[in-house]
Amino acid sequence: MSRHALFKFCLYVADDAPNSVQAIANLAAFCKAHLPDRYEIEIVDVYREPKRALTEGIFMTPTLVVLTPPPVRRIVGTLSHTQTVLLALGLTDITE
Amino acid sequence: MLSTGNKIKPVQSPLVKTPSKAPTGIAGFDEITGGGLPHGRTTLLVGGPGSGKTILALQFLVHGAQACKEPGIFVAFEESSRRIVANATSFGWKLAELQKKKLFFLDAQPKPDLIQSGDFDLGGMLAALEAQTREMGARRIVFDALDVVLALLPDPATKRREIYRLHEWLLAHNLTGIITAKAGGDEASAIIEQPFGFMQFMVDCAVILNHSVAQGVSHRNLRVQKYRGSSFDENESPFLIGNSGLEVAVARTPGRVDAKVSNERVSSGVERLDTMLGGGYYRGASVLITGFSGTAKTTLSGAFAEAACGRGESTMFVSFDSDCTEVIRNLASVGIRLDRYVKNGCLRMISARTIAGSAETYLVRIKTLAQEHGARCLVIDPVSAWYKSGNDLTAQSVADRLIDWSKGDGITLVCTSLLDEMSNRVESGSPLQISALADTWIHLNYLVQAGERNRGLSIVKSRGTAHSNQVRELILSDAGVTLTDTYTAGGEVLMGTLRWEKERAERVAHEAAEAAAKLKRLRLDAEEAELEVRLKSLQTELVAKQVEKALLVRSTQSHEGELSRGRTQMKELRGADATKPGRKVGPS
């Protein structure tokens, strides 16, 4: 159903912490591989925008918030397990 | 000369210097730690489920916000802040007011639908907290149930890294922090086995909370495991969760000065008992009244309470046996009227049947209530009730602390202790062994004699006062409590009817003797009177005789005179010669 939907991501990172740097790279690679041309990524540095992290309830970094398509999902971690991310985004059938 | 003599400064060893402390406002805890938690350092709070970690941590924040002008942040990993606030209202902490400025709750519970992919860290939270800390000027912070979030981390190395990150962050921001973590079950030491067990080595202060059950009675205690740079009480200290938060029972700390000793005497409420004690109890003394059930222990302690109230001293009466109203009614039957003092607020009656829990719970509750009331005299009836709640050792130490505390506060304490008649007939068998600690020990006993039970009172000991060695009989009547002398006859003490009979017999004998004496006097009086009468009649007779005798003399004289005159006349008539002198007159 969400085969052609636009994916809006918001990735909360903690400055240049190794985990965060890795997550940015992983997300970029993932989008390129699985969601070509239908993704938008916003990267939020919690050190620059702590209030936003607070209101959003982001306590672990890196955290990927999937804004669209609904429902809003949160994936915590470096996104190194591609399978988990695919499952979370409901994209498993594509790769099969 | 010693010109510099007065300029010598006391040398303070750098070891003695203690870091500044952040008071927790928890009764007793600040005493154990010598002022509170280490300021600007991290404290680890370890305990099993329901051991009071969250409450302790929250109380620390509330106290900081209310009393120390130190705003705080509460990071809740486990419970939602709304629930914590709701739970805290039962302690009378007005969190809603504080929440605006001085207290901030951060809900950091991991969402149940959280998807995890790969490694992560707590950098986001620390960034958010940093902003919040700066904004509100927070000085205190609590991470409640850190283990919840640590459990999400994949391997021990990562957990360790995150804990260090947190610790470093706390130190860098000079925040006084509490981290709470669960320990498996009752064994607090089990935390060492857990991946974050090393936290105990990392932090500056570690407190272990325990919640155990001994003989079906719950016991809570806490122990300061370590406290860098400060001395602390190393023993397990029992605590309870009271109406206003945690209350920790503290044993007398070594630094405390000895209690002031008073020479003032306070009345025991029974006049003759005061006499027996040489003036009454000492102010601030602890008095133990032992006896079997029904030996008037309560009555005697009630008399003390009444006397104390009569002097206008705040008094507290704790009854473990019966309801307050019952106690008042029962005591009224022997002329001890406590109701008026309850009404004017001088006396506070507490029925401890309503307090459930361990001996610790009782002590802490009694202490709190007594301090609230400002009690100068305290009655606990009976203290042996503690014996049945929990193990003997605890009850013993509680009784020790009770006496220690009352002495320290200068409270005159009267406690009764029930002896079990069936199993224990020895006087020294006071179950709590507080008889050794008590200053005055009054023993009440039954004397079964001639088909009667009578109450006997004796003073087993009374420190520092001369006291009577005699067993007295305790008599309860609607006029009050009195003591009477007992009769010692043939090495046996007589009481009750026997005493009364003996008294009557003596009275009768006395009366008889009196009557006999009176009779004798009367008889003597009569005899005396009789003799007097006889004496009088004899005197009269004597006078008569004397008169008679005088009469006789006179009549003889006149007769003789008459005779000689007559002879002369005859001579004249006869014209006889004058009688020649020397011539015998007579018929020739």
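None of the values given here were measured: they were computed from a predicted structure.

(A) Highlighting the overall build of chain B. Across its full length, chain B holds 16 helices and 25 strands. Evaluated residue by residue, chain B yields a buried proportion of 42% over its 588 residues. For chain B, the proportion of contacts with a sequence separation of at least 24, taken over those separated by at least 6, is 71%.

(B) View of the nonpolar core. Phe-74, Val-75 and Val-248 of chain B are the most contacted members of the largest nonpolar core, which totals 162 residues. Looking at which domains feed residues into this core, each of domain 1 (21-112 + 120-248) and domain 2 (265-485) of chain B supplies at least three.

(C) Quick peek at the confidence of the model for chain B. Residue and element names in this part refer to chain B. This prediction gives chain B a mean pLDDT of 79; 84% of its residues lie at or above 70. Counting interchain partners and residues more than four positions distant, the pLDDT-below-50 stretch residues 1-7 has zero contacts. For this predicted complex, the interface confidence reaches an ipTM of 0.84, while the overall pTM sits at 0.66.

(D) Local environment of the pairing of strand β15 (residues 286-291) of chain B. Residue and element names in this part refer to chain B. Taking burial as the measure, the six residues of β15 include six buried ones, the bulk of the element. Of the two faces of β15, the one carrying Ser-286, Leu-288 and Thr-290 and the one carrying Val-287, Ile-289 and Gly-291 are both buried. Summarising the sheet, β15 and strand β19 (residues 412-418) pair through six bridges and their orientation is parallel. Each residue of the ladder has a partner; that of Ser-286, found in β19, is Leu-413.

(E) A look at the interface of chain A and chain B. Taken together, the contact pairs 29 residues of chain A with 20 residues of chain B. Every element with two or more residues in the side of chain A that touches chain B is listed here: α2 (50-56), β4 (73-76) and α3 (82-89) of chain A. Along the lines of polarity and charge, the residues of the side of chain A that touches chain B split into 17 nonpolar, nine polar and three charged. Here two bridges tie β4 of chain A to strand β6 (residues 115-116) of chain B, and the two strands are oriented parallel to one another. Looking across to β6 of chain B, one finds that Val-76 of chain A is bridged to Gln-116 of chain B.

(F) Just the pairing of strand β3 (residues 63-68) of chain A, in detail. All names here are of chain A. Pairing of strand β1 (residues 7-13) with β3 involves five bridges; the strand directions are antiparallel. Across the sheet, residue Leu-11 finds its bridge partner in β3, namely Leu-64. The sheet contact formed by β3 and β4 spans four bridges and is antiparallel. Bridge pairing in β4 links Thr-63 to Val-76. In this structure, the hairpin formed by β3 and β4 is closed by a connection of four residues.

(G) Region of interest: unusual backbone geometry. Here the amide bond leading from Thr-61 of chain A into Pro-62 of chain A is cis, since omega sits at -5°, within 30 degrees of zero. Examined against the element boundaries, Pro-62 of chain A turns out to sit in the loop between α2 and β3. Between Asp-381 of chain B and the following residue, Pro-382 of chain B, the backbone shows a cis peptide bond with an omega angle of -15°. Of note, Pro-382 of chain B is situated in the loop between β18 (377-381) and α14 (385-388). Of note, Asp-37 of chain A is a non-glycine position whose phi angle comes to about 65°, a positive value. Along the chain, the position of Asp-37 of chain A falls in the loop between α1 (18-34) and β2 (39-45). Located in the positive-phi region is Asn-174 of chain B, a residue other than glycine, with phi close to 55°. Summarising the element assignment, Asn-174 of chain B is placed in the loop between α7 (156-172) and β8 (176-182). Residue classification places Asn-174 of chain B among the exposed residues on the basis of 10 C-beta atoms within 10 Å.

(H) The sheet that holds β4 of chain A, seen in detail. Spatial ordering of the open sheet is given by β2(A)-β1(A)-β3(A)-β4(A)-β6(B), a layout of five strands whose pairing is mixed. Either end of the sheet is taken by a strand with one partner, and the two such strands are β2 of chain A together with β6 of chain B. Seen against the sheet, α1 of chain A touches β1, β2 and β3 of chain A and runs at an angle of roughly 165° to β1 of chain A.

(I) Region of the structure containing the environment of Gly-40 of chain B. Residues and elements named next belong to chain B. With respect to the secondary-structure elements, Gly-40 resides in the loop between β2 (37-38) and β3 (42-47). Here Gly-40 falls in the partly exposed class, since 17 other C-beta atoms lie within 10 Å of it. Each C-alpha atom, one on Gly-40 and one on Thr-176, is 4.2 Å from the other, the two residues being 136 residues apart in sequence. Filtering out sequence-adjacent residues up to four positions away, Gly-40 remains in contact with Asn-174, Leu-175 and Thr-176.

(J) Structural view of the sheet that holds strand β16 (residues 315-319) of chain B. Residue and element names in this part refer to chain B. Read from one edge to the other, the open sheet built from nine strands follows the order β17-β16-β18-β19-β15-β20-β21-β22-β23, with strand pairing classed as mixed. Looking at the sheet topology across the chains shown, the edges are occupied by β17 (347-351) and β23 (480-484). The mean angle between the axes of side-by-side strands here comes to 20°, regardless of whether they run parallel or antiparallel. As judged from the four bridges shared by β15 and strand β20 (residues 440-449), these two strands associate in the parallel manner. Among the inter-strand pairings, Leu-288 is bridged to a residue of β20, identified as Trp-441.

(K) Focus on helix α2 (residues 53-67) of chain B. Residues and elements named next belong to chain B. The terminal C-alpha atoms of α2 lie 21 Å apart, and with 15 residues this matches the ideal 21 Å at 1.5 Å per residue to within 8%. Counted residue by residue, α2 has 12 buried out of 15 residues, so it is predominantly covered. Those residues of α2 that fall on the buried side of the exposure criterion are Lys-53, Thr-54, Leu-56, Ala-57, Leu-58, Gln-59, Phe-60, Leu-61, Val-62, His-63, Gly-64 and Ala-65. Phi turns positive one or two residues past the end of α2, at Lys-69, with a value near 55°.

(L) Region of interest: helix α13 (residues 359-373) of chain B. Residues and elements named next belong to chain B. Given a rise of 1.5 Å per residue, 15 residues ought to cover 21 Å, and the 21 Å separating the end C-alpha atoms of α13 matches this to within 8%. Listing the buried residues of α13 in full gives Ala-359, Glu-360, Thr-361, Tyr-362, Leu-363, Val-364, Ile-366, Lys-367 and Ala-370. Gly-374 sits one or two residues past α13 and shows a positive phi near 65°.

(M) Quick peek at the environment of Leu-89 of chain A. Along the polypeptide, Leu-89 of chain A turns up in helix α3. Sequence spacing of Leu-89 of chain A and Ile-75 of chain A is 14 residues, and the spatial spacing of their C-alpha atoms is 9.7 Å.

(N) Molecular detail of the environment of Glu-79 of chain B. Residue and element names in this part refer to chain B. Within the element layout of this structure, Glu-79 appears in the loop between β4 (72-76) and α3 (81-89). Given 17 C-beta atoms within a 10 Å radius, Glu-79 is considered partly exposed. Between the C-alpha atom of Glu-79 and that of Gln-109, which follows or precedes it by 30 residues, the distance is 7.2 Å.

Conventions adopted
- Residues numbered from 1 in each chain as written.
- Chains lettered and ligands numbered in written order.
- Predicted model: local features only at pLDDT ≥ 70, side-chain atom pairs only at ≥ 80, totals over all residues.
- Helix = DSSP H or I, 4+ residues; strand = E, 2+ residues; numbered from the N terminus.
- Buried ≥ 20, exposed ≤ 12 C-beta atoms within 10 Å, placed from the backbone.
- Contact = placed C-beta atoms within 7 Å.
- Core = buried A, V, L, I, M, F, W, Y, C linked by C-beta atoms within 7 Å.
- Domains from an automatic or database assignment.
- pLDDT = per-residue confidence, 0-100.
- Pairing = 2+ DSSP bridges.
- Nonpolar A, V, L, I, M, F, W, Y, C, P; charged D, E, K, R; others polar.
- Axes fitted to C-alpha atoms, helices over the stretch in contact; angles between N-to-C directions.
- Expected span 1.5 Å × (residues − 1).

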